[in-house]
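# Secondary and tertiary structure notes
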Amino acid sequence: MTLATDPRPDSALRPDADTAAVLDVYGAPVPRLTVIGTGYLGATHAICMAVLGYEVLGVDVDPVKVEWLNSGRVPFFEPGLPELLAKALDSGRLRFTTNFAEAGDFGDVHFLCVGTPQQKGSDAADLRYVDSAVTELAEHLRRRTLVVGKSTVPVGTAARLTELVQRLAPAGTDVELAWNPEFLREGYAVDDTLRPDRLVFGTESAWAEERLRAAFAPVIARDTPVVVTDLTTAELVKVAANSFLATKISYINAMAEVCEATGADVTGLAEALSYDDRIGGRFLKPGLGFGGGCLPKDIRAFSHRAEELGVGQAVAFLREVDAINKRRRARTVDLVRELVGGDLAGARITALGAAFKPNSDDIRDAPALDVARTLHQAGAHVTVVDPAATENARRTFPELTYGSDALTAAAGADVVVLLTEWTQFREMDPHAMAAVVSHRRIVDGRHALNPSQWRAAGWEYRALGRP
C-alpha cells in the first residue's frame, strides 16, 4: 500500500482510508490524539498527524497561538507547514484549544511537546513547562490512557513524571507514560515527521507499545525502523544524538583553527576525510558553527545532568565542543576586523543572515546575530538582511539596522559577511554586489560561496580555515 503522506502542497492526500487500513492490520482502534504544547514541535506534530488521518486536538496555554492556528496561520516559519495546516483544518480532524479538561476527555494518546529551555544562570534544562503541562493534564485523566513525552529532557525525568501523573490522575496507575523523542530538523520538519529515519519508543508495557504503534501506524507502514526500549534509554537517545552531531561539527571547526595556523585549507581537509566511510561527510562542514534551540542547550544540559549523576567526566569533552563552537563566532569577527585594517569603529558592515540556519526564522542562540551584535558593539554600522527572521531579530536586537534585500543593504558597505547560507545568498552575483559596495571585501562565514568566482570579480575573499 502506498500512503499519501507527501508533504508538498500540491500532493493529493487521502489519509483516512490509509490510516484505517493500516490499523486494521494491527487489529487496533484508531486512537484520538492530543498534542500538549503548540510551539515548533507540537504544532508540526499535530498538523502532520491530522494529515495522516488521526483526529487531533492541540492544546496550549497561549490563547493567541491557539487563535492563530485555528484560523490557519502558523506562528513560525516552516516550509510546507501552512499548506498542510489548511488541509488538516479543512478535513475537520484538527482543532486547537486552551481547555485541558476537553483534552483529557478527548485523547487516547497525549503527546507532551512543550519546551525545555536552558535555565537562566545555569546549564540545566528548565522543566517548569513540562511539569506544568503534566500537572494540568493529569487531573482530567479518568480512564486508561497513554501520556507520551516528546520533549528533550534530562535522563530520569520520565520516571519522575510517571509518579507525578499517576499520583494526580483520577485513573491512577491506569495512566501510563512512554517516551518518543523527536528528531526534527528545522526547515525539514514536515518530512522528518511524515518520513522519519527511525521511531524510538520508550515503554514499560506491551500495551503502551501497542498504543504507540497505533498512533504511528501509517508511518511504520512505510518501513520506518522502530526501536523499542526502556524509558531511560529513550530519554538519552536525543541528547546523545545531538551531542554526537555537535562534536562532529566542532571537530572540523577545531581543524579549521589548525589550518589557519598552518596555512592549510580546511575545505580540502574535510573533503578528504569525507571519503572515509568510518567518518562520512555529513556535518563535517567547517564554518561559523551551530546554534538554535536544540544543540547548544542540549549539550549543556546533558553535561549538567551527567555531573549530577556523578559521571560528568564521561562527557567532559562536551564543554570543549561548546567552547570551540563559540570561538568560531569570535574568529569571524576577527576576520572582519582584519579586512578593515584593525578598527571596526565606523565600518559599514552588511550581515547576510539572522536565523541560526536557512529555511527557518529561529534566532535562538543564532551565530549570525551574535556576530552582528558583536560587530555593532565594536562600533561598526551593521545592516542585517534575512528572508524570514528579520522581524524576530528586530524584536530581540532593535539596536541593529535591518535591510530588505542583500543588494540594497550592501550599498556603501566596507565588508559583506555571509552568516546564514540561504539559497539567495549562495547564488548572489559577485559582479552585481561589486557595483554597490564601497570595498570588495567578503567574509564567507559558512563556506557557501565559490572563492574563485568572487576573487575573479575583484573581491578580497576570506573564510574560516582557508588561506
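The rules we used
Along each chain, residues carry numbers from 1 onward, in the same order as the chain's sequence is written. In keeping with the model being predicted, local features are shown solely for residues with a pLDDT of at least 70 and side-chain atom pairs are shown and tallied solely at 80 or more, while totals for entire chains, interfaces and linings include all residues. Computation of side-chain values: all heavy atoms of the structure, hydrogens and water removed. Put simply, DSSP H or I for four residues or longer makes a helix, DSSP E for two residues or longer makes a strand, and each gets a number counted from the N terminus. Radius of gyration here is computed from C-alpha atoms only, and the compact-globule reference equals 2.2 Å multiplied by the residue count raised to the power 0.38. Accessibility here uses a 1.4 Å probe with only protein chains present; expressed as a share of the type maximum, an area under 20% marks a residue as buried, one over 50% as exposed, and anything in between as partly exposed. Contacts between residues were defined by any pair of non-hydrogen atoms, one from each residue, lying within 4.5 Å. Methods summary: accessible areas were calculated by the Shrake-Rupley approach with a probe of 1.4 Å, and residue burial reflects only the protein chains presented. Positive: Lys, Arg. Negative: Asp, Glu. His and the chain ends are not part of the count. The location of each charge is read from NZ of Lys, CZ of Arg, CG of Asp or CD of Glu. In this text, buried Ala, Val, Leu, Ile, Met, Phe, Trp, Tyr and Cys residues form a nonpolar core when linked through side-chain atoms within 4.5 Å. Here, expected helix span is obtained from the residue count minus one, scaled by 1.5 Å. Between rings of Phe, Tyr and Trp, where Trp is taken as its six-membered ring, a pair exists when centres lie within 6.5 Å; planes separated by under 30 degrees are stacked, by over 60 edge-to-face, and by other angles tilted. By the criterion adopted, a ring carries a charge over it if an Arg CZ or a Lys NZ lies within 6 Å of its centre and within 35 degrees of its normal. UniProt positions are given in the numbering used here, feature names are shortened, and annotations may be inferred rather than shown by experiment. Paired strands, in this sense, are two strands between which DSSP finds at least two bridges. Salt bridges are counted wherever a side-chain nitrogen of Lys or Arg sits within 4 Å of a carboxyl oxygen of Asp or Glu. To get an axis, fit a line to the C-alpha atoms, keeping to the stretch in contact for a helix; angles then go from 0 to 180 degrees between the N-to-C directions. Every definition here rests on a 1 Å grid over the protein atoms only: cavities are sets of points where a 1.4 Å probe fits but cannot get out, pockets are open sets enclosed by protein on both sides within 12 Å along at least five of seven lines, and lining residues have some atom within 4 Å of a point. Grid points are joined across faces, edges and corners, and a volume is the space filled by probe spheres set on the points. Charged residues are taken to be Asp, Glu, Lys and Arg, nonpolar residues to be Ala, Val, Leu, Ile, Met, Phe, Trp, Tyr, Cys and Pro, and polar residues to be all remaining types, Gly included. Note on terminology: angles under 35 degrees are roughly parallel, angles over 145 are roughly antiparallel, angles of 65 to 115 are roughly perpendicular, and the others are oblique. Handedness of a crossing is defined here by the sense of rotation of the near helix relative to the far one, left-handed for an anticlockwise turn of less than a right angle and right-handed for a clockwise turn. Values of pLDDT, ranging from 0 to 100, describe the predictor's confidence in every residue of the model.

This paragraph deals with the overall build of the chain. Looking only at helices and strands, one finds 20 helices and 14 strands in the chain. The C-alpha radius of gyration computed for the chain amounts to 24 Å, which stays within 12% of the reference 23 Å derived for 467 residues, consistent with globular compactness. With the principal axes as the frame, the chain shows a C-alpha extent of 70 × 50 × 40 Å. Among the 467 residues that make up the chain, the fraction classed as buried is 55%. Long-range contacts, defined here as pairs at least 24 residues apart, represent 73% of the contacts in the chain between residues at least 6 apart. Just so you have it, the chain exposes about 19200 Å², and 51% of that area is on carbon and sulfur atoms. If the 50 positive side-chain charges of the chain are averaged to one point and the 62 negative ones to another, these points end up 2 Å apart.

What follows covers the nonpolar core. Of all hydrophobic cores here, the largest spans 43 residues; its most connected members are Leu33, Val56, Leu94, Phe111, Leu212 and Phe216. Filtering out sequence-adjacent residues up to four positions away, Leu94 remains in contact with Ala46, Ile47, Ala50, Val56, Leu85, Ala88 and Leu89.

Let's shift gears to helix H14 (residues 317-339). For H14, with 23 residues, the first-to-last C-alpha span of 33 Å sits near the 33 Å given by 1.5 Å per residue. The first or second residue beyond H14 is Gly341, which carries a positive phi of 90°.

So, about the packing of aromatic side chains. Scanning the entire structure with this criterion turns up five aromatic pairs. Ring plane angle 70° and centroid distance 5.0 Å describe the contact between Trp454 and Trp459, whose orientation is recorded as edge-to-face. Put simply, the rings of Phe111, Phe201 and Phe216 touch in pairs and so form one group of aromatic residues. It is Arg144 that lies over the ring of Trp207; its NZ or CZ is 4.1 Å from the centre. Its guanidinium or amino end placed over the ring of Phe183, Arg198 lies 3.6 Å from that ring's centre, counting from NZ or CZ.

Let us now look at the UniProt feature "domain: UDP-glucose/GDP-mannose dehydrogenase C-terminal" (unreviewed entry) in the chain. The residues that UniProt annotates with the feature "domain: UDP-glucose/GDP-mannose dehydrogenase C-terminal" (unreviewed entry) are residues 350-451. Taken as a whole, residues 350-451 contains 31% helix and 18% strand, while its terminal C-alpha atoms sit 18 Å from one another.

A few words on the pairing of strand S2 (residues 56-59). Here S2 shows two buried faces, one formed by Val56 and Gly58 and the other by Leu57 and Val59. Sheet analysis places strand S1 (residues 33-36) next to S2, joined by four bridges and oriented parallel. Across the sheet, Thr34 pairs through a bridge with Leu57, a residue of S2. When S2 meets strand S3 (residues 94-97), the two strands line up parallel, connected through four bridges. Its bridge partner lying in S3, Gly58 is registered against Phe96.

What follows concerns the pattern of salt bridges. Inspection of every chain in the model, using the stated rule, returns 37 salt bridges. Note that Lys326 is salt-bridged to Asp322, the shortest N-O span being 3.9 Å. Of this pair, Lys326 and Asp322 both sit in helix H14, four residues apart, which is roughly one turn of the helix. In this structure, Arg373 engages Asp370 in a salt bridge whose closest nitrogen and oxygen atoms are separated by 3.7 Å. Placement of both Arg373 and Asp370 in helix H15 (residues 367-377) is noted, with a separation of three residues, approximately one turn of the helix. Connected through salt bridges with shared partners, the residues Glu257, Glu260, Glu320, Arg327, Arg328, Arg331, Glu338 and Arg462 form a single ionic network.

Here we have six strands laid out as an open sheet, ordered S11-S10-S9-S12-S13-S14, and parallel in their pairing. Where the open sheet ends on each side, the last strands, each with one partner, are strand S11 (401-402) and strand S14 (460-463). The pairing of strand S9 (residues 348-352) with strand S12 (residues 415-418) spans four bridges and is parallel. Across the sheet, Ile349 pairs through a bridge with Val415, a residue of S12. Together, S9 and strand S10 (381-385) form the strand contacts of H15, whose direction differs from that of S10 by roughly 160°.

Take empty space enclosed by the protein next. Summed over the entire model, instances satisfying the criterion amount to two cavities of 30 Å³ or more. Within this model, the largest cavity holds a volume of roughly 80 Å³. Lining the largest cavity are Ala125, Thr152, Val153, Pro154, Val155, Leu236, Val239, Lys297, Asp298, Ala301, Phe302 and Arg305. Counting residues per element, the ones that place at least two in the lining of the largest cavity are helix H11 (231-262) and helix H13 (295-308). Counting residues per element, the lining of the largest cavity draws most heavily on H13, which supplies five residues. Residue composition of the lining of the largest cavity, grouped by class: eight nonpolar, one polar and three charged.

Time to look at the packing of H14 against H15. Where H14 meets H15, the axes come as close as 9 Å, and the angle between the chain directions of the two elements is 45°. Of the possible angle classes, the one that applies to H14 and H15 is oblique. In this structure, H14 crosses over H15, and the sense of that crossing is right-handed. Seen from H14, the contacting residues are Arg329, Thr332, Val333 and Val336; seen from H15, they are Pro367, Asp370, Val371, Thr374 and Leu375.

Mapped onto the elements of the fold, Asp192 is located in helix H8 (residues 189-194). Beyond its immediate chain neighbours, meaning those up to four positions away, Asp192 contacts Phe183, Leu184 and Arg185.

This part takes up the environment of Leu295. The topology assignment puts Leu295 in helix H13. When the C-alpha positions of Leu295 and Ser243 are compared, they lie 7.2 Å apart, and in sequence the two are 52 residues distant.

Attention shifts here to the confidence of the model for the chain. On average, residues of the chain score 94 in pLDDT, and 94% of them reach the 70 mark or higher. When the criterion is pLDDT under 50, residues 1-15 qualifies, and its contacts beyond four places in sequence or with other chains add up to 37 contacts.

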